[in-house]
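Here are the chains, one letter per residue:
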Amino acid sequence: MNQDFLKQERFETKICCPLCHTDLVMNWQRDNIPYFGEIMHISARCKCSFRFADTMILSIKEPMRYEMPVETSEDLNARVIRSTSGTIRIPEMGVTIEPGSVSESYVTNIEGVLQRVRDVLLTASRWVKGDKEKSLRSEELLCMLEDVIEGKRKITVIVEDPLGNSAIISKKVKATRLSEEEAEMLNTGMVVFDVNKSELVNDVSDNVQPLGD
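Anyway, here's the lowdown on the structure attached to this text. None of these values were measured; they are calculated from a predicted model.

### Comments concerning the nonpolar core
Part 1 of the argument: By size, the foremost hydrophobic cluster in this structure holds 29 residues, and its most contacted members are I90, I110, L114, V157 and I168.
Part 2 of the argument: In terms of residue count, helix α2 (residues 132-149) provides more of this core than any other element does, six residues in total.
Part 3 of the argument: Those residues in contact with V157 that sit more than four places away from it in its chain are Y66, E67, M68, V70, I88, R89, I90, I110 and I168.

This is the structure we're talking about:
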């Protein structure tokens, strides 16, 4: 694929459907989102029911770590911007949220992050009902979350992003640039295009061709 196509606001490409092997049109839509920068929305739908949707970040900033102590109920209101390449950690609870192939970007606050963790813990607790030790650990972590939300327990929330598109916004935040070695150890969970290079860093498919060519 010619990289000039990535500089257009909107275009289409043609690929082969992985299920029925017929021609499939893939739509590319460029956008600019605050805190995330230049992105590309990609979507496709085939008559055979196959669907595909993804968001790729086109810009790369400095790899960053944001660390915030959560000590009061007011700290729960701190804004959290998590891109699809962002990792969230809560060391006191042993919680790590890493990006995967279907990661979603979102803007929330510290309380919203804790609510997401609680939803995962509630689901996990149902899976381990037959395991007494794991059930007790799930209950312990849920109690810790409630204490944090009520301002009875202190934790630290850390957001790391090798592409620099995630952040915590608060006067209490300590922001530091990640070293090259630290950034390389983090997952991105996405395909990344570097539009400033002559070739794509990773292409989504060897068979992608611009329509009309």
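Continuing now.
### Description of the packing of aromatic side chains
Part 1 of the argument: In total, this model carries one aromatic pair according to the counting rule given.
Part 2 of the argument: Both rings, one in F11 and one in W28, keep their centres 5.3 Å apart while their planes meet at 15°; by these two values the pair is stacked. You can see F11 sitting in strand β1 (residues 10-16) and its partner W28 sitting in strand β2 (residues 23-33), a full 17 residues away along the chain.
Part 3 of the argument: A relative accessible area of 7% means that F11 is categorised as buried.
Part 4 of the argument: The buried category is assigned to W28, whose relative accessible area is 0%.
Part 5 of the argument: Over the ring of Y106 we find R116; its NZ or CZ atom is 3.6 Å from the centre of that ring.

### Section: the environment of R51
Part 1 of the argument: On the secondary structure map, R51 appears in strand β4 (residues 51-57).
Part 2 of the argument: Take R51: its relative accessible area is 60%, and that puts it in the exposed class.
Part 3 of the argument: Considered as a pair, R51 and C17 are 34 residues apart in the sequence and their alpha carbons are 9.4 Å apart.
Part 4 of the argument: If near-sequence neighbours (up to four positions away) are discounted, R51 is found in contact with A44 and R45.

### Observations regarding the sheet that holds strand β7 (residues 87-90)
Part 1 of the argument: A sheet is described by the order of its strands in space; here five strands give the open sequence β8-β7-β10-β5-β12, paired in antiparallel fashion. Looking along the sheet, the strands with just one partner apiece sit at the ends: β8 (95-97) and β12 (174-177). Taken over all neighbouring pairs, the strand axes of this sheet differ in orientation by 15° on average, direction set aside.
Part 2 of the argument: As judged from the four bridges shared by strand β5 (residues 64-70) and β12, these two strands associate in the antiparallel manner. Opposite M64, over in β12, you have R177 as the bridge partner.
Part 3 of the argument: In the packing of helix α1 (residues 110-127) onto the sheet, the strands contacted are β5, β7, β8 and β10 (155-161), and the crossing angle to β7 comes to about 85°.

### Considering unusual backbone geometry
Part 1 of the argument: Although it is not a glycine, H21 sits at a positive phi angle of roughly 65°.
Part 2 of the argument: Its place among the elements puts H21 in the loop between β1 and β2.
Part 3 of the argument: Notably, S49 is not glycine yet its phi reads approximately 100°, a positive angle.
Part 4 of the argument: On the basis of relative accessible area, S49 is assigned to the exposed category, the value being 56%.

### Notes on the pattern of salt bridges
Part 1 of the argument: Going through the model one piece at a time under the given rule, you end up with ten salt bridges.
Part 2 of the argument: Between E71 and K172 there is a salt bridge whose closest N-O contact spans 2.7 Å. Taken together, the residues E71 in the loop between β5 and β6 (79-82) and K172 in the loop between β11 (167-169) and β12 connect sequence positions 101 residues apart.
Part 3 of the argument: On the accessibility criterion, E71 (34% relative accessible area) is partly exposed.
Part 4 of the argument: Residue K172 pairs with D75 through a salt bridge whose shortest N-O separation is 2.8 Å. Taken as a pair, K172 in the loop between β11 and β12 and D75 in the loop between β5 and β6 lie far apart in primary sequence, 97 residues in all.
Part 5 of the argument: Classification of K172 by relative accessible area gives partly exposed; the value is 31%.
Part 6 of the argument: With relative accessibility at 7%, the residue D75 sits in the buried group.
Part 7 of the argument: Each of R65, R89, E160 and E182 takes part in one network of salt bridges that share partners.

About the thresholds
- Residues numbered from 1 in each chain as written.
- Predicted model: local features only at pLDDT ≥ 70, side-chain atom pairs only at ≥ 80, totals over all residues.
- Heavy atoms only, no water.
- Core = buried A, V, L, I, M, F, W, Y, C linked by side-chain atoms within 4.5 Å.
- Buried < 20%, exposed > 50% of the residue type's maximum accessible area, 1.4 Å probe, protein only.
- Helix = DSSP H or I, 4+ residues; strand = E, 2+ residues; numbered from the N terminus.
- Contact = heavy atoms within 4.5 Å.
- Phe/Tyr/Trp six-rings, centres within 6.5 Å; stacked < 30°, edge-to-face > 60°.
- Lys NZ or Arg CZ within 6 Å of the ring centre and 35° of its normal.
- Pairing = 2+ DSSP bridges.
- Axes fitted to C-alpha atoms, helices over the stretch in contact; angles between N-to-C directions.
- Salt bridge = Lys/Arg side-chain N within 4 Å of Asp/Glu carboxyl O.

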